[in-house]
Structures are given as C-alpha cells and as structure tokens.
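Overview (structure and organization)
Residue strings, one per chain:
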Amino acid sequence: MLNKFTTIIAIILASLAFSTVSYAEHHGMKKDIVDVAAENGSFNTLVAAVKSAGLVETLKGEGPFTVFAPTDDAFAKLPEGTVEMLLKPENKDKLVAVLTYHVVSGKVLAADVVNLDSATTVEGQAVTIEVKDGNVMVNNAQVIMTDVEASNGVIHVIDTVLLPK
C-alpha cells in the first residue's frame, strides 16, 4: 500500500514539475534575451544588428541584463541608409557602440526604472531616465512596453534608437 501511495505521489509531483516547466517555457522564462527578441517579430532589425555585431553569445550569457530594445519601427525612423551603413563589416565598432548603449548590467524592472534619473550602459556612457507626462523616457525614446522577462534579464521596448554621443 505504501509503495502504491509513493508511486502516486511521485507521478503527481512529476506532473506538477512538467507543468511548471511548460508554463515557464511558454511564458518566455526559459528563453534568453536574444531568443525572446527573435521570436517576437518586432525586433528583426535589432536581432540582425546583434548578429552582425557579434553580440549574440554575450546577450545569451548569464547576465542579468536590462535591454532597452528598439522596435523595427524605431530603426525605420533613422535617416535613410543609417542601418545599412552600420551593418557593414568596416563599421562593426560603431554598431557595437550603438547596441551596447542600449544595455545596462543587472535586471532593472519598470518599478526600479521610474526611481532612476540615469543609468550607465555597457557601452560606458549614461542614458537619462525621466517620467514625462506619465511616460518613461530613456534619452529621447519613450518606453512603450516594460518588463518583458527573459531567463537572463529583462527587456523594455522603446520607440526610438538610442545613439551614443
């Protein structure tokens, strides 16, 4: 009787563990920042730039990272030819600088961001953070979606590409 009971408990626990893993995977919690961005469909330019810059492995790393991720529409706002210029192999250093200017070390959730007035990026320069008319702004970019969780950090979606000085 005890063996039967132990077997039933083991099956229930295994089932719960599987359900928890499936839930976590379904909600992006097992996917890293690169995978979450790639699967979203709104970050094709960003993902292509990350690949071109050789930053995929870094952003798949342990982290945690906070990424202010510009959408494809944000990249489209740049002057014509800018993205193409940055994606050329001879401009890799410039591309890396632009992309790392969108990344902050550590996991900074929206509740934390609103209490900051700046954050130092992986690129080395700081971005300014302010709440303006109820909207969180990072430099001149508006945060349009917050706290997109990934296994190695968090993504905040922005409507404008940030350019370092």
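For the structure, check the block above.
Predicted, not measured: the structure shown is a model, and the values here were computed from it.

**Focus: the overall build of the chain**
- Secondary structure summary: the chain contains eight helices and seven strands in total.
- For the chain, the share of sequence-separated contacts (at least 6 apart) that also reach a separation of at least 24 residues comes to 63%.
- Carbon and sulfur atoms make up 58% of the accessible area of the chain, which totals about 9,600 Å².

**Structural notes on helix α2 (residues 33-40)**
- The set of residues buried in α2 consists of Ile-33, Val-34, Val-36 and Ala-37. In an axial view of α2, the angular spread of the buried residues amounts to 165 degrees, which keeps them on one side of the axis.
- Contact partners of the buried residues in α2: α3 (44-53), α4 (56-59), β1 (65-70), β6 (141-150) and β7 (153-158).
- One side-chain oxygen at the N-terminal end of α2 lies 3.0 Å from the backbone nitrogen of Val-34; it belongs to Asp-32.
- Immediately beyond the C-terminal end of α2, within one or two residues, lies Gly-41, with a positive phi of roughly 95 degrees.

**A look at the nonpolar core**
- Judged by nonpolar contacts, the single largest core of 29 residues is most densely connected at Phe-43, Leu-46, Val-50 and Leu-99.
- Of all the secondary structure elements, the ones that give two or more residues to this core are α2, α3, α4, β1, α5 (72-76), α6 (82-86), α7 (92-100) and β7.
- In terms of residue count, α3 provides more of this core than any other element does, five residues in total.
- Grouped together as the second largest cluster of nonpolar side chains are 14 residues, Val-104, Ala-141, Val-143 and Leu-162 included.

**A word on the environment of Leu-99**
- Structurally, the position occupied by Leu-99 is in helix α7.
- In this structure Leu-99 touches Leu-46, Ala-49, Val-50, Ala-53 and Leu-55, once residues within four positions along its chain are discounted.

**Focus: unusual backbone geometry**
- Here the residue pair Gly-63 and Pro-64 is connected by a cis peptide bond, since its omega of 5 degrees sits within 30 degrees of zero.
- As for its position among the elements, Pro-64 is in the loop between α4 and β1.
- The phi torsion at Asp-133 lies on the positive side, around 55 degrees, for a residue other than glycine.
- Backbone geometry at Asp-147 places phi at a positive 55 degrees, although glycine is not the residue there.
- The partly exposed category is assigned to Asp-147, whose relative accessible area is 29%.

Definitions and cut-offs
Residues numbered from 1 in each chain as written. Predicted model: local features only at pLDDT ≥ 70, side-chain atom pairs only at ≥ 80, totals over all residues. Heavy atoms only, no water. Helix = DSSP H or I, 4+ residues; strand = E, 2+ residues; numbered from the N terminus. Contact = heavy atoms within 4.5 Å. Areas by Shrake-Rupley, 256 points an atom, 1.4 Å probe, with all protein chains shown as cover. Buried < 20%, exposed > 50% of the residue type's maximum accessible area, 1.4 Å probe, protein only. Arc of directions from axis to C-beta. Polar contact = N/O pair within 3.5 Å; in protein donor to acceptor, adjacent residues only side chain to side chain. Core = buried A, V, L, I, M, F, W, Y, C linked by side-chain atoms within 4.5 Å.

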